[in-house]
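Fold and geometry: a report
In case you want the letters, here they are:
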Amino acid sequence: MSVGYLASDSLLGYVLAALVHIALIINIVAVGALVFIWLERKISGRIQDRLGPTRVGGKFGWLQTLADGLKLITKEDLMPAGADGLLFKIAPYVSFCAAIAAYLAIPFAGGDHPFAALRVNSGIFFVLAVLGLEVFGTILAGYSSASKWSLFGAMREAAQVVSYEVPIGMCAVVPVLLVGSLDLVYIGDMQAGLFTNWLVFNDPFTFIAFWVYFTCALASVNRAPFDLAEAESELVAGFHTEYSGLRWSFFFMAEYGSMFSVSLLAAILFLGGWNGPLPVTEWLGLTGEVGTLSWYLGSLIGAANLIGKATFGVCVMMWIRWTLPRLRIDQVMATCLKYCTPIAATMFLGAVLWQYNLPHRNFFGLSDRPAATYAVSEGWELEKAKAEQEKALLEQDIEGAEQSENLDETVESRTAEAVVKTVALRGGN
Amino acid sequence: MDAIYWPSFFFLLFGLLACGFAVAVLLATNIVRMAFYLIMSLSATSGLFFLAGADFVGAMQLMIYVGGTLVLLIFGVMLTSQERFVEMKTMAGDWIFGFLAGGALLVTLCWVAFSVPAWRGIDRAAAEQLQVEPTVAPLAMGLLGARTDEGGEHGYLLFFEIVSVHLLVVLVGAAYLARAKISRGTAAERTSHVEPGAALPK
Amino acid sequence: MLQLPLAHLLNEPIGVAHFMVVGAVMFVCGALCMATKRNALGVLMGIELVLNGANINFIAFGSKYLRNDANTLGLDGQLIALFVIVLAAAEAAVALAIVLNFYNNHDSVDVDRAKQLQG
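What counts and how
Residues numbered from 1 in each chain as written. Chains lettered and ligands numbered in written order. Predicted model: local features only at pLDDT ≥ 70, side-chain atom pairs only at ≥ 80, totals over all residues. Helix = DSSP H or I, 4+ residues; strand = E, 2+ residues; numbered from the N terminus. Contact = placed C-beta atoms within 7 Å. Buried ≥ 20, exposed ≤ 12 C-beta atoms within 10 Å, placed from the backbone. Nonpolar A, V, L, I, M, F, W, Y, C, P; charged D, E, K, R; others polar. UniProt positions renumbered as here; feature names shortened; annotations may be inferred. Core = buried A, V, L, I, M, F, W, Y, C linked by C-beta atoms within 7 Å.

**Some thoughts on the overall build of chain B**
- Helix and strand content of chain B: 9 helices and 0 strands.
- Tracing chain B from N to C terminus, the helices and strands come up as α-α-α-α-α-α-α-α-α.
- For chain B, long-range pairs separated by at least 24 residues make up 49% of all intrachain contacts whose partners lie at least 6 apart in sequence.

So, in structure tokens, the structure goes:
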């Protein structure tokens, strides 16, 4: 990687590249929160037959969040007398860091050089793991506030997030299973072409898995109807009861950041990622060499696609929040353990059977997956094709030689060797 | 001065974080602070795993260790942290004896680490030729009993199965163990244990 | 004489030895935690630190980017580290159940008071 004429090993080049990445990622969280808070106010207003903010910044009140932010900065930063100072101060940053860190591994456009800060080979696993860390900020805040309400909120959140990680993991494994890779770039590229290639439409099982994933994602980022940790009718404001000013707004930004990242993940895993419903970039020929203008344009359109889908996901979350009443804590746990987990497990099994019986069918079995995406679905598919090729070659060789009785056996064993060898050659993934 | 070799820089960063917070766990007296330092130390360790080219294990560390085991631990802390248990001082004699033994152990281990020349790392020129290889598929194949790196079939399938069943049995057993006794206690005991204000810092 | 390669720490690639030092520090801290803490959960945290110190060594010995010769553990290192992580989760669950049990029966988490078996 290099930035312009600065080589990657020079001090300036490396630091500059790092700073650009950091600035972009922080901007996604911070600007995203700015937009989403405004959006939430507008959407909640419309749902409740109000107008929402209308004054600050012109017609739609689009600068309202900025005004709120200024107000928050000028507010007094309170800390309860009995609080554990260090933990109380550090808790919002723990939440915020976890929310940012998830964006490290999320690609915004695909191809050989994806728009990603860091292309992690086990991308989805990493993102889910980091998203799970956000709960620590909540627990620390709840404990250190020296308030019963905070502690109750934190305990609820801890129990909830840990339980909901199980069905989320199972649902996320379904696309991984179909693609054959944990790499988010592969998973997104696999769904190129028409919207019929999107994994949500791949088969009935992925379709249901998507909805289960979305429900559980809603719960894991503590949005209504699962926002028991901050249930204002019971717990004042839950784990952030004692927080005020800028620290409180860090919790808020973390919440919106993780909402956006789980929506991004849903878009990449199920909704085609950076591929639009129609392959417009391909039709326009915007798939040039890396670094050319057409590549930049194509990738930018891809990123816009992805961000649009994720924003739509966030809007749906807001819609749900202002429509459904809050569940009780036992109902939340029952939803996870009695419904989401068994359904997710069943969908996982169903997807396995589907993949086994109808490996190349998609769109609920109505059409064939385009052959171009086989290459993306690395792993077994590719190994099998190679092994069959080698088997054919071997058979040709052996046909030339004399016939032997255990011909099939030798072919089988040599094919197995070839599989192991090709996997080794490709470094596995 | 030579250009900075960035992996080394990040090793220093994560290594210092891991060691520093490990020492903080040792020196802290407040059990909740200890839990927090432990989280930081183990997260930094996962950074070290990434640096060593083990990205899957690093993510696993974050997911299971930091996201699972430590949440469990913190639950334990919160359930038992009555005022008198939050701060528990260690006796001075324990400290002196501990530091003598621990210091000796640490010096020995470090001396061993640097006594083998091959362990000191590779040349910079050779390091820059290295390509980072993905580890997910080889690990998965290894767990399923086929080795892609060395060939052959001396994988870990049986061990994998045993560990899975073991984990299941252990979790069921732990749930039973923690649950059975609570229901046997008297009502007065039970209410005294779930006193919500008891876990708050003073 | 033992030479500590501290002078070129930032300019030269790090090796297994450096990882081992980090692992050793974590191991010793964990062992001391286990020995000195009176809170049962503190002892448990010590165990986690010890396991992690060991894990760092496994990963370092399994990595081929960290040493001069080709005698690495290879994938075995990472696989063993995976098993250690999983077993540590199991161990933590059981230990926590025992601690909670102890707390329920004796109303304390002080390991010094657990001497019923002393007879």
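**Quick word on the overall build of chain C**
- Scanning chain C for helices and strands turns up 3 helices and 0 strands.
- Each helix and strand of chain C, placed in order from N terminus to C terminus, yields the pattern α-α-α.
- With the principal axes as the frame, chain C shows a C-alpha extent of 55 × 30 × 25 Å.
- Evaluated residue by residue, chain C yields a buried proportion of 55% over its 119 residues.
- Within chain C, residue pairs in contact and separated by at least 24 positions form 49% of the contacts whose partners lie at least 6 positions apart.

**Looking at the interface of chain C and chain B**
- Tallying the contact residues gives 72 residues for chain C and 82 residues for chain B.
- Those elements that place two or more of their residues in the side of chain C that touches chain B are helix H1 (16–36), helix H2 (40–62) and helix H3 (75–106) of chain C.
- Of the residues forming the side of chain C that touches chain B, the biggest block, 23 residues, is contributed by H3(C).
- Residues of the side of chain C that touches chain B, tallied by class, amount to 51 nonpolar, 14 polar and 7 charged.

**A closer look at the UniProt feature "transmembrane region" (unreviewed entry) in chain B**
Residue and element names in this part refer to chain B.
- UniProt records the feature "transmembrane region" (unreviewed entry) for residues 6–28, 35–56, 62–80, 92–114 and 156–178 in the present numbering.
- A distance of 25 Å separates the end C-alpha atoms of residues 62–80, which is 100% helix and 0% strand.
- Secondary structure across residues 92–114 divides into 100% helix and 0% strand, with the first and last C-alpha atoms of the span separated by 33 Å.

**Quick word on the environment of A:Leu24**
Residues and elements named next belong to chain A.
- Looking at where Leu24 falls in the secondary structure, it is placed in helix H1 (residues 11–47).
- Judged by the 13 C-beta atoms lying within 10 Å of it, Leu24 is partly exposed.
- Separated by 93 residues in sequence, Leu24 and Ala117 place their C-alpha atoms 9.0 Å apart.

**Side note on unusual backbone geometry**
Residue and element names in this part refer to chain A.
- Although it is not a glycine, Asp49 sits at a positive phi angle of roughly 65°.
- Among the secondary structure elements, Asp49 is positioned in the loop between H1 and helix H2 (64–74).
- Given 6 C-beta atoms within a 10 Å radius, Asp49 is considered exposed.
- Its identity is not glycine, yet Asn222 carries a phi of approximately 60°, on the positive side.
- Within the element layout of this structure, Asn222 appears in the loop between helix H8 (204–220) and helix H9 (232–235).

**Points about the UniProt feature "transmembrane region" (unreviewed entry) in chain C**
- As annotated by UniProt and renumbered to match this structure, "transmembrane region" (unreviewed entry) occupies residues 14–33, 40–60 and 80–103 of chain C.
- Along residues 40–60 of chain C the backbone is 100% helical and 0% strand, and the end-to-end C-alpha distance reaches 31 Å.

**A word on the environment of C:Leu100**
- Structurally, C:Leu100 can be placed in helix H3.
- The exposure class of C:Leu100 is buried, given the 23 C-beta atoms found within 10 Å.
- Along the backbone, C:Leu100 and C:Leu117 are 17 residues apart, and their C-alpha atoms lie at a distance of 18 Å.
- Excluding its chain neighbours within four sequence positions, the residues that come into contact with C:Leu100 are B:Gly76, B:Leu79 and B:Ala178.

**Re the nonpolar core**
- Ranked by size, the top nonpolar core spans 209 residues in total, and within it B:Val25 and B:Ala35 carry the most contacts.
- With 17 residues, helix H6 (residues 148–179) of chain A is the largest single contributor of residues to this core.

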